[in-house]
Amino acid sequence: MSEDRVVTIDMLVQKILEMDKQYDLTKIISAYEFAAKAHEGQFRSSGQPYIIHPLSVAEILLDLGMDTDTICAALLHDVVEDTDATSEQLQKRFGRDVAALVDGVTKLAKIPIFNKEQQQAENVRKIMLAMSQDIRVIIIKLCDRLHNMRTLEFRPEHKQRNTALETMNVYAPIARRLGIKKVQEELEDLAFHYLDPYAYKEIEQQMSVKRAEREAFIASIIDAIRTRLHSLPEDTFEKEPQIEGRVKSIYGMYKKVFVQHKDIDQVYDKYAVRVIVSTIGECYNVLGIVHDMYRPLPNRFKDYIATPKANMYQSLHTTVLGREGIPFEVQIRTWDMHATAEYGIAAHWKYKEGIQGKDKMEQRLSWIRQMLEAQQTSDDVEEIVRMIKNDLSPEDIVVMTPKGDTISLPIGATIIDFAYRIHTQIGHKMMGAKVDGRIVPLDYQLQTGQICEIMLSKDPEKGPTRAWLDIAKTNEAKSKIRSWFKRERRDENIVTGKSMVEKEFKHCHIRIPEEEYEKFLTEDMRRHNCNTLEDFYASIGYGGISIAKLAPRWKEIYHKNYMQGDEPEDQPIVAPVPRSPKSHIVLDDISDCAVKFAQCCNPLPGDDIVGFITRGHGISVHTTSCVNYRAMLSRDIPEERERWVDVQWTESSDAAMQTSIEVIATDRVGLVYDITAILMESRIPIIHSSSRILKNGNAVFDASIRIMNKSQLTSTFDRIRKIKGVLSVERANG
Ligand code: MN
């Protein structure tokens, strides 16, 4: 794994001289001298002089065929960041382009992708922006990362993992999307080595078993095909076809073996033979010859020439059976396709004069623009990282419009994704689709080769529904749907968002008064750039902010700031509100006098009640089961009895009343929390509560609560009785 190779400027110069491409050697050597001087006295974690790093990065870029300015920028890429050299100096000496490239790479270096979650989106966006300005910046960055990965073993262990993760999640997918396969595969293999060393070893070992045997087998196939091609008339091929063997990368194997659960022997393309010819016609010609020589396996032929992959990869793939019954893959492509397959966007520089048109470069860059656009409408950080990973999947399908235009989409894409890919408005107005002439449901998953015709609604008000968010597969479609809701349905989003927040609060047993929502959510609002609570609700409502990701933090904050551990010791949770009993009591004879509820029995609407005329404090209302009332009855003193009067509840006694409850249970951790949770779920405010342990070891939980009526209390009691360990629950009298 380790990279002990020391690259020198002499080696670089030698390499340049051997290439049949024009380079400005003086400029490159001058850049080297500048960098070597600036980095003098600096060392890498490996102990090597620092300059080895920029030299190595320049070498990788040279192998990709990048131009003079890119090589110079690679040599200088760390001087502004790590030495006294300035951008102005670079511009003066090496020109605007080199200085701008170094600036771009320096800026990229300052973007920690997996630092803090809330910064990720912004950071990835910056990377994309840098790419869209000059794609060479990201190509330098990819090679910089590649050399850092090669020397990762010298870094501290915790940094190894983070760097590997970042490489696997962001840089390797970008390399793949840009089609720079050489860099992509090595980045993946290196990252994989650090992320799952055991699996890496296992696959490496399995692949090395019988390696010599397999190599001999491949050599014999190459030989057989070459002999056959030579037996054809001399003018069959414009130029001698090149035939080569290819070994699958370790990470590529891992994906097949571990992710697709295939036995290593079932991976047919672990060894492949590649034939490179001059024209597309020759490709199909070779295919015919190969199928004539070996029996093709059914369903293993793929024509990526007629329908290229999303990253513009083109080739014919077929799996055939060798004479010994061993299957192997044959890839057939032109030189042009080969350049695209191996070097991707870098081929633009490698073969500047010849085959790579500006169109392909434009097509690749349009992907970056698409990503940037999608990101502008997305507030969800993880979605963007997901987007880089998912939307870059090489497993694409290609579907056609009725006019024959091809649209590539990830596997599992639905007609919704298809519609939004064609045009945002087509997506919004879609009401269904015909696939190969047949009407299909919205969640229909498209397959390669199908013709899809979108049916549009004539209703100008027509738009997507929220259910589409769950059906759509691509982040592109999802973010377009979300931005529609964001724009068109703000009021609705606020209501939806608020009720989602409240539902999640309930789910998490978070009980705070509505006036405090804003305070409670301040931090989240800030993180998601929402100035008002309404903006925040709206973002949640249209799906721009994922509530599931907020909830864990809410629980934490709530328990830290709003709950005092497991046992709320006489803590007022909700401030008492003034109540006026009079509004729900009807007195028989007496009118217009003060009424209060007795503290001894705390009557509730629905209880049988009586009133007691106090001296100077109006009427005090008791339940008929109150011990004080019972005592009076048993004393049977006439003048005392006269002071008791009949009272009734009014019809609509829906204002809250205060009462006390007492729960006895076997003591356990979390008991108080469970009881509190049920009270809160039943929307019963707790005025204060306390708990203590009895001598027999049982726990008593007392609470003053405010309830609407007796039936609410009865049903809450039923629920509390079901809590594990609860022995009894009663209204406490006094
Ligand atoms: Mn570097």
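About the thresholds
- Residues numbered from 1 in each chain as written.
- Predicted model: local features only at pLDDT ≥ 70, side-chain atom pairs only at ≥ 80, totals over all residues.
- Heavy atoms only, no water.
- pLDDT = per-residue confidence, 0-100.
- Contact = heavy atoms within 4.5 Å.
- Phe/Tyr/Trp six-rings, centres within 6.5 Å; stacked < 30°, edge-to-face > 60°.
- Helix = DSSP H or I, 4+ residues; strand = E, 2+ residues; numbered from the N terminus.
- Buried < 20%, exposed > 50% of the residue type's maximum accessible area, 1.4 Å probe, protein only.
- Lys NZ or Arg CZ within 6 Å of the ring centre and 35° of its normal.
- Expected span 1.5 Å × (residues − 1).
- Arc of directions from axis to C-beta.
- Pairing = 2+ DSSP bridges.
- Axes fitted to C-alpha atoms, helices over the stretch in contact; angles between N-to-C directions.

Describing the confidence of the model for the protein chain
In the predicted model, the protein chain carries a mean pLDDT of 79, and 82% of its residues have values of at least 70. Counting contacts from residues 353-357, a segment whose pLDDT is below 50, to residues more than four positions away or on other chains yields seven contacts. For the stretch residues 565-579, pLDDT sits under 50, and the model shows 35 contacts to residues farther than four places along the chain or on other chains.

Observations regarding the packing of aromatic side chains
Across all of its chains, the model carries 13 aromatic pairs by this definition. Centre to centre, the rings of Phe34 and Phe94 are 5.8 Å apart; their planes meet at 90°, and the pair counts as edge-to-face. Of this pair, Phe34 sits in helix α2 (residues 25-38) while Phe94 sits in helix α6 (residues 87-109), and the two are 60 residues apart along the sequence. Phe94 shares its class with Phe34; the two are buried. Aromatic ring contacts, followed pair by pair, group Phe192, Tyr200, Tyr251 and Tyr254 into a single cluster. Note that Arg44 overlies the ring of Tyr50, its terminal NZ or CZ placed 5.9 Å from the centroid. Seen from the ring of Phe485, Arg466 lies directly overhead, with NZ or CZ sitting 4.4 Å from the centre.

Considerations on helix α23 (residues 490-507)
An α-helical segment advances 3.6 residues per turn. Residues three or four places apart therefore align on the same side. Here α23 contains 18 residues, and its C-alpha end-to-end distance of 25 Å stays within 8% of the 26 Å for a straight helix at 1.5 Å per residue. For α23, every residue scored as buried is listed here: Asn493, Ile494, Gly497, Val501, Glu504 and Phe505. Along α23, the residues classed as buried sweep out an arc of 105° about the axis, all on the same side. Exposed residues lying more than 90 degrees from the buried face of α23 are Asp491, Val495, Lys503 and His507.

Some points on the environment of Pro605
Relative to the helices and strands, Pro605 is located in the loop between β13 (595-597) and β14 (609-613). Distance from Pro605 to Trp649, taken between C-alpha atoms, is 6.4 Å for residues 44 residues apart in sequence.

Focus on unusual backbone geometry
Of all residues except glycine, most have a negative phi; of all peptide bonds, most are trans. Within the chain, Asp436 stands out as a residue other than glycine whose phi angle is a positive 50°. Relative to the helices and strands, Asp436 is located in the loop between β9 (430-435) and β10 (438-440).

Regarding the sheet that holds β10
What the three strands build is an open sheet, ordered β10-β9-β11; its pairing is antiparallel. Two strands close off the open sheet at either side, each with one partner strand: β10 and β11 (452-456). Between one strand and the next, the sheet's axes are offset by a mean angle of 35°, whatever the strand orientation. The pairing of β9 with β10 spans three bridges and is classified as antiparallel. Looking across to β10, one finds that Lys434 is bridged to Ile439. Docked against the sheet, helix α19 (residues 415-422) engages β9, β10 and β11, running at close to 105° with respect to β9.

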